[in-house]
Amino acid sequence: MAKDRIDIASWTGGRVLFLDGGMGTQLQAKGLQPGEVPELWNLSRPGDVRAVHEAYFEAGADVVYTNTFGANSAKYHGDAPLADVIAAGVGLAREAAEAGGGRLVALDVGPTGRLLKPSGDFEFDAAYDAFAEQVRIGAEAGADIVVVETMSDAYELKAAVLAAKENSSLPILATVALGDDGKLLTGASVECVAALLEGLRVDAVGLNCGFGPDRMLQYVRRFAAATALPIAVKPNAGLPKVVEGRTVFTVGPEEFARDIAALAEAGAAIVGGCCGTTPAHIAAVRGLLGDATVAAVPRDSGERTVVTSGSRAVEISLSDTVVIGERINPTGKKKLKAALTEGDVAYVLREAVSQADAGAHILDVNVGVPGLDEPAVLDSTIQAVQSVTDLPLQIDTSDPKALERALRHYNGKALVNSVNGKAESMSAVLPLVAKYGGAVVALTLDEAGIPPTADGRVAIARRILARGAEYGLRPSDFVVDVLCLAVSAEAQSANVILEALRRVRSELGCRTCLGVSNISFGLPARPLLNAAFYTMALGNGLSAGIVNPLASDMMAAYRAYRALTAKDATCCEWIENFREWTPASASVVRVSAAKPSDAEKAGSQDGLSSAIRHGLKSDAAEAARAALAGGAAPLDVIGGGIVPALETVGKGFESGTVFLPQLLMAAEAAGAAFEVVRAALPTRDAGNVRGPIVMATVKGDIHDIGKNICRALLENYGFKVIDLGRDVPPEKVVEAARREKARLVGLSALMTTTVGFMEETVKLVHAELPGCMVTVGGAVLTADYAEKMGADHYSKDAMGLVRYAEKLFGS
């Protein structure tokens, strides 16, 4: 039955908490065959599973993970009922824990193996449901902790954590697997992950898998600087290699223990091992660290205000200022209101992209048009905007139902606009912010309206903070808006606002924001007043201006302030934005996000290239259509617009400036444009596609994220791909490659238990199809590993495969 909640941080009395090591590699040593479902051993070979747990407890572990890593309905493909597999897994660990003196059992929750929308095809709610079922069964079976591990997508991480929070009362330990670039597969940094998980109120955060303990040191230090939560580490025993036909890991127990000790000195409070580690590794760690207390290293104070998207973190600071783009708000905007009413998402996406390009750090999203289903439209609009920009969003609504739905499906930690001092507002909004982990704008108004004085506004802010504390919210979770009233109606308005800004900062320690342009309402030459007041507000401590980033006067004021106050210390930002400035260009300019005309598109393929680079599918298709209508030859559109845009994005991905979601959305936009051009190609050119390439996830492995990414990129670079799916036997790969007369086969594997089938497939392809090349990829592989299994090429990532295919087939 479900157990009472324990406190991870205090359970050991302040000493380091010791986790177990690898499960899969231990079961392999006991006879687990390639492709066999490890979790089924909970029922078919329970003694062996229990023995692994017992060995780890004997080695000194305080906590063991259940053999349930892949036991979710989206991933599990065994014959036995899933509930029986999970319950048995918890039961076996529980038996070992009780025999070991009442130590702890952690329900192991791994990823689904699917990529969530919009980058993939799996719904957030479907992922949540799969995790929720696993958590309910595991908690009822007697787990002490829920561990969410090996996550490579911040969005899937959020789904799993919400499922754990809402379907049990157990503490949550959440760890992610970083890539070679130090980020998640979908681009999130350590700081982004820390902000998301801290907002969701997990009990501990950290890293597992990916690489060995030596490479984790820099990321532990970054976690320590980004969060006050306990940090957990579970590295691999180095990288795998093939030795005499067997997969082995290269870091032995003593070396592993020394590296773990360094991680503990850097701030790790919870330590263990992942792939390739054994009871001997854990015994060495426990022997070296003993009863060591958690190191007292400098940690994040918990006083920073950070919001994130799925891949970018933005701090709203007391020492600097950021720009919140205001243009996705239908108030006073007829075109946007019409677009929202008519369902013209492309217009909204252009507004998002143009503001991001103009220098906004956060985008406000408001869809409050009478007659719309605001919960549904806000939810879908936010998801659409997040598909084309990595900027964090400010969810702007007064409807609590719309707010909860949007917060739940938002990828990251959002800024909420807003709560105010009315009791009804605080009761509706603050619990949602606490549950979903956002920061919230606090409007200084209440049932009596907006106070005319700074005293009154600060008092309301103070009251909102006090109410927030009842829900566990800190002052750093609030951004106070002291409200900007027009000087045309109240002569002292600007002075009151500036005083309130200073006092909120000095007395409450809070960040501030302001809808700056309200100051000039009803007056001529509004841009001049707005820019002047914006500069004054910045000088009085404004943390975030809600402005139009397409207004050059406002952005000039922002950049001038940062240059003159040494926030743009070397003036690089100023130089970058004003290197082309001339006196003739000094007049106030408005930049429009409207669609380029057909004539503009026909005369240049810049519009097509821009649409592809920004992932705007409908705009890319329309730009291609306009280019063709303007007389451009189909092959010129491909060679002069589509391919260069993909190359730009691809090189950005390779250099680490573009991340997977943007890469995939650009590929989709290029695909939309290519379909338009394909229809205009002569028959002989339309069929001029390179390939075919046969792709498969190897037998026993059901993870197809990497394969699907590669397929999407290859197809949009003009290759024909035959996708055989997941869990594909070697014979089926050979059969398809022979039938299609393929010159290249691509194989993917994520699980260490399935690389044997990959090697078998490589050898069979080479034996049966001389001249057919094989490229391999996956999280468990290295170039050395691929070479030793006989592969012709190792694809580190999707762009690497594209480059190899181009070399093999020709440009």
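Residues numbered from 1 in each chain as written. Predicted model: local features only at pLDDT ≥ 70, side-chain atom pairs only at ≥ 80, totals over all residues. Heavy atoms only, no water.

*Asks:* I would appreciate a short explanation of the sheet that holds strand β18 (residues 478-481) in the present structure.
*Replies:* What links the strands of a sheet is backbone hydrogen bonding, and the strands pair in either a parallel or an antiparallel sense. Here we have 8 strands rolled up into a closed barrel, ordered β13-β14-β15-β16-β17-β18-β19-β20, and parallel in their pairing. Looking at each pair of strands side by side, their axes are set apart by 30° on average, direction ignored. Inspection of the sheet shows strand β19 (residues 511-515) paired to strand β20 (residues 544-547) by 3 bridges, in the parallel sense. Considered in β20, the bridge of C513 is made with A544. (Pairing = 2+ DSSP bridges. Helix = DSSP H or I, 4+ residues; strand = E, 2+ residues; numbered from the N terminus. Axes fitted to C-alpha atoms, helices over the stretch in contact; angles between N-to-C directions.)

*Asks:* For this particular structure, what's the right way to read the packing of helix α14 (residues 374-386) against helix α15 (residues 400-409)?
*Replies:* Working note: a packed helix pair is described by the angle between its axes plus the distance between those axes. Axis separation between α14 and α15 bottoms out at 8 Å; the angle between their running directions is 25°. In terms of orientation, α14 and α15 fall into the roughly parallel class. In terms of crossing hand, the pair formed by α14 and α15 is right-handed. Across the interface between the two elements, E374, P375, A376, L378, D379, I382 and Q383 of α14 pack against K401, A402, R405, A406 and H409 of α15. (Parallel < 35°, antiparallel > 145°, perpendicular 65-115°, else oblique. Left-handed = near helix turned anticlockwise from the far one by under 90°. Contact = heavy atoms within 4.5 Å.)

*Asks:* It is not clear to me how the pairing of strand β4 (residues 145-151) should be interpreted in this structure. Could you clarify?
*Replies:* Each regular strand displays side chains that alternate between the two surfaces of the sheet. The element β4 is extensively covered by neighbouring structure, given that 7 of its 7 residues are classed as buried. You can see the chain leave strand β3 (residues 104-109), run along helix α6 (residues 124-141) and come back into β4, and the turn it takes is right-handed. Across 4 bridges, β4 lies against strand β5 (residues 172-176) in parallel orientation. Of the residues in β5, the one forming a bridge with V148 is A174. The handedness of the β4 to β5 crossover, carried by helix α7 (residues 154-167), is right-handed. (Buried < 20%, exposed > 50% of the residue type's maximum accessible area, 1.4 Å probe, protein only. Right-handed = clockwise from strand over helix to strand, strands pointing away.)

*Asks:* Please clarify how the pattern of salt bridges should be interpreted in this entry.
*Replies:* Pairs can form between side chains of opposite charge once their charged atoms are near each other. Inspection of every chain in the model, using the stated rule, returns 43 salt bridges. Beyond isolated ion pairs, a larger network of salt bridges with shared partners links D455, R462, E499, R503 and E507. (Salt bridge = Lys/Arg side-chain N within 4 Å of Asp/Glu carboxyl O.)

*Asks:* In this structure, what is going on with the side chain of H281? I would like to understand it.
*Replies:* Relative to the assigned elements, H281 resides in helix α11 (residues 279-289). There is a polar contact of 2.9 Å between the side chain of H281 and the side chain of T278. Here H281 is in contact with A237, V251, G252, P253, F256 and G276, once residues within four sequence places are set aside. (Polar contact = N/O pair within 3.5 Å; in protein donor to acceptor, adjacent residues only side chain to side chain.)

*Asks:* Please clarify how the nonpolar core should be interpreted in this entry.
*Replies:* Side chains of nonpolar character tend, in soluble globular proteins, to be buried together. Counting residues in each nonpolar core, the largest one holds 223 residues, and the members touching the most others are L157, L514, Y534, I642 and L713. Per-element tally for this core: the top contributor is helix α26 (residues 660-680), with 12 residues. In this structure L514 touches D481, V482, L483, C484, I497, L501, F533, A537, L542, A544, G545 and I546, once residues within four positions along its chain are discounted. (Core = buried A, V, L, I, M, F, W, Y, C linked by side-chain atoms within 4.5 Å.)

*Asks:* Could you clarify how one ought to interpret the sheet that holds β3 in this entry?
*Replies:* Reading across the sheet, the 8 strands line up as β1-β10-β7-β6-β5-β4-β3-β2 and stay open at both edges, with parallel pairing between neighbours. Because the sheet does not close on itself, it has two edges, and the strands there are β1 (17-18) and β2 (63-65).

*Asks:* Could you clarify how one ought to interpret the packing of aromatic side chains in this entry?
*Replies:* Centre distance and the angle of the planes are the two values used to describe a pair of aromatic rings. The final tally for this structure, using the stated rule, is 4 aromatic pairs. The cationic tip of K234 hangs over the ring face of Y65; the distance from NZ or CZ to the ring centre is 4.1 Å. Directly above the aromatic system of F809 lies the positively charged group of R743, at a separation of 4.9 Å from the ring centroid. (Phe/Tyr/Trp six-rings, centres within 6.5 Å; stacked < 30°, edge-to-face > 60°. Lys NZ or Arg CZ within 6 Å of the ring centre and 35° of its normal.)

*Asks:* Can you help me understand the side chain of S609 in this one?
*Replies:* Mapped onto the secondary structure, S609 falls in helix α23 (residues 606-613). Residue classification places S609 among the buried positions, given a relative accessible area of 16%. Contact partners of S609, with chain neighbours within four places excluded, come to G641 and A645.

*Asks:* I would appreciate a short explanation of unusual backbone geometry in the present structure.
*Replies:* Leave glycine aside and you will find that most residues have negative phi; peptide bonds, for their part, are mostly trans. S418 follows N417 through a cis peptide bond whose omega is 25°. Among the structural elements, S418 can be located in strand β16 (residues 415-420). Here G691 and P692 are connected by a cis peptide whose omega angle stands at 0°. The residue P692 is located in strand β21 (residues 690-697) in this model. Phi at C209 takes a positive value of approximately 60°, unusual for a residue other than glycine. Counting through the fold element by element, C209 comes out in the loop between β6 (204-208) and α9 (213-226). Even without being glycine, A525 reaches a positive phi, approximately 50°. Position of A525 relative to the elements: it lies in the loop between β19 and α19 (526-539).

*Asks:* Would you explain the confidence of the model for the chain in this entry?
*Replies:* Keep in mind that low pLDDT regions are not for reading the predicted coordinates in detail. Across the chain, the average pLDDT comes to 91, with 95% of residues at or above 70. Counting interchain partners and residues more than four positions distant, the pLDDT-below-50 stretch residues 596-603 has 10 contacts. (pLDDT = per-residue confidence, 0-100.)

*Asks:* What is the right way to look at α14 in this model?
*Replies:* What sets the pattern is the α-helix's 3.6 residues per turn: residues three or four places apart point alike. Taking 1.5 Å per residue, 13 residues should reach 18 Å; α14 reaches 18 Å between its end C-alpha atoms and fits that length. With 10 of 13 residues buried, α14 is to be regarded as a mostly interior element. Every buried residue of α14 is accounted for by E374, P375, V377, L378, D379, T381, I382, A384, V385 and Q386. For α14, the elements touching its buried residues are β13 (322-328), α13 (345-358), β14 (362-365), β15 (393-396) and α15. (Expected span 1.5 Å × (residues − 1).)

*Asks:* Would you mind going over the state of the cysteines with me for this structure?
*Replies:* A covalent bond bridging the sulfur atoms of two cysteines is what the word disulfide describes. Considering all chains together, one arrives at 0 disulfides under this definition. For the unlinked cysteine C571, the closest cysteine sulfur is that of C572, found at 7.8 Å. C571 sits in the partly exposed class, given a relative accessible area of 29%. (Disulfide = S-S within 2.5 Å.)

*Asks:* Please explain the pairing of β15 as it appears in this structure.
*Replies:* Burial of the side chains of β15 extends over both faces: L393 and I395 are buried on one face and Q394 and D396 on the other. Alignment of β14 against β15, held across 3 bridges, turns out to be parallel. Bridge pairing in β15 places D364 opposite Q394. Between the parallel pair β14 and β15, the chain is carried across by α14, and the sense of this crossover is right-handed. Relative to β16, β15 is paired through 3 bridges, and the arrangement is parallel. Among the inter-strand pairings, Q394 is bridged to a residue of β16, identified as L415. Read as a crossover between parallel neighbours, the route from β15 over α15 to β16 is right-handed.

*Asks:* How should I be thinking about the packing of α7 against α15 in this particular structure?
*Replies:* Their axes nearest at 10 Å, the elements α7 and α15 cross at an angle of 120°. The angle between α7 and α15 places the two elements in the oblique class. Here Y155, K158, L162 and E166 of α7 come into contact with α15, specifically with L407, R408 and H409. Its residues assigned to classes, the contact of α7 with α15 comprises 3 nonpolar, 1 polar and 3 charged. (Nonpolar A, V, L, I, M, F, W, Y, C, P; charged D, E, K, R; others polar.)

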